[in-house]
Amino acid sequence: WPLGTNGKGRSLEFEGNGLNPSDPTSWFAGCVAGSPGEAYFPCDSSVVISEINYKSFAGADAGDWFEVHSTLDSDLDISNWVVSDGGITGGYTFPQGTTLAAQGYVVVAEDASLFNAIHPDVTAIQAPMGFVLGGTDDILIFNESGILQFSVSYRSAAPWTTEPNGFGKTLELLSTTDLMNEAYNWFAGCPNGSPNTAYDPTCGVGVEEEGDV
């Protein structure tokens, strides 16, 4: 059955007529809080989890971390917002005065020292997050009133890409408007990831231009 619907905030949505409603593949995980009284439409999330590092390569251990990304065109005050791998308690609370810039990013890390050793140039970091991530896990975002704003559920085994499972890459979100808990919407990112920035297909490696020598 679809991930993220059993107590993680998303509703079960039926794919359509002609399918077997008893078949789990006839359903998908809809929006946080659902879409009661109307047809499903792409979820309008002001914040998403856009990159996840749940198991670093042993030779470059940055600890667990994930990237919170704003989809808004204006700054967002996330003071006292909470991120967790479960309920409203036991997670990380953003300090008073924390602002997520328009279309910006902030990293939440398990251990600042481990993270900074691998990513010394990344300054938009919040730590320690107070929990650890596994290969089968969920990340939830609550606003200052304790209302769930976003959730994602992921896995480390096929059909999900397995390169982030200790082989040096991160789990990168493909589309902020597509289904969040489907394996096709996530891919293996850059070696060690690309925290606090949009994904770069070149992974920071310059491409030589053709020319005479």
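Structure shown above.
Basis of the calculations
- Residues numbered from 1 in each chain as written.
- Predicted model: local features only at pLDDT ≥ 70, side-chain atom pairs only at ≥ 80, totals over all residues.
- Heavy atoms only, no water.
- Disulfide = S-S within 2.5 Å.
- Helix = DSSP H or I, 4+ residues; strand = E, 2+ residues; numbered from the N terminus.
- Buried < 20%, exposed > 50% of the residue type's maximum accessible area, 1.4 Å probe, protein only.
- Contact = heavy atoms within 4.5 Å.
- Phe/Tyr/Trp six-rings, centres within 6.5 Å; stacked < 30°, edge-to-face > 60°.
- Lys NZ or Arg CZ within 6 Å of the ring centre and 35° of its normal.

Participant: Just to check I follow, could you spell out the state of the cysteines for this structure?
Facilitator: Taken as a whole, this structure holds two disulfides when the rule is applied. For Cys-31, the disulfide goes to Cys-43, at an S-S distance of 2.2 Å. Measuring the twist about the S-S bond at about -100°, one finds the Cys-31-Cys-43 disulfide to be left-handed. Linking Cys-31 in strand 2 (residues 27–32) with Cys-43 in the loop between strand 2 and strand 3 (47–53), this pair joins segments that are twelve residues apart in sequence. The exposure classification of Cys-31 matches that of Cys-43, with both residues buried. Sulfur-sulfur distance for the disulfide between Cys-190 and Cys-203 comes to 2.2 Å. Its torsion about the S-S bond being -90°, the disulfide of Cys-190 and Cys-203 is classed as left-handed. Of this pair, Cys-190 sits in strand 14 (residues 186–191) while Cys-203 sits in the segment after strand 14, and the two are 13 residues apart along the sequence. With a relative accessible area of 4%, Cys-190 lands in the buried category. Here the bonded cysteines of the protein are numbered in sequence order, and their pairing is 1-2, 3-4.

Participant: What's the story with the environment of Ile-139 in this structure? I'm lost.
Facilitator: Along the polypeptide, Ile-139 turns up in strand 11 (residues 137–142). Separated by 87 residues in the primary sequence, Ile-139 and Ile-52 place their C-alpha atoms 9.6 Å from one another. When residues no more than four places from it in sequence are discounted, the contact partners of Ile-139 are Ile-49, Ile-52, Phe-66, Ser-84, Leu-133, Phe-150, Ser-151 and Val-152.

Participant: What exactly am I supposed to notice about the packing of aromatic side chains here?
Facilitator: Given two aromatic rings, one states the distance between the centres and the angle between the planes to describe the pair. Under the criterion given, the structure shown has seven aromatic pairs. Their ring planes at 80° and their centres at 4.9 Å tell us that Phe-28 and Tyr-40 sit as a pair that is edge-to-face. Separated by twelve residues along the polypeptide, Phe-28 in strand 2 and Tyr-40 in the loop between strand 2 and strand 3 bring together distant segments of the chain. We classify Tyr-40 as partly exposed; its relative accessible area is 26%. Centre to centre, the rings of Tyr-92 and Phe-94 are 5.5 Å apart; their planes meet at 85°, and the pair counts as edge-to-face. Residue Tyr-92 shares its accessibility class with Phe-94, and that shared class is buried. The ring centre of Phe-150 lies 5.4 Å from the NZ or CZ of Arg-10, which sits over that ring.

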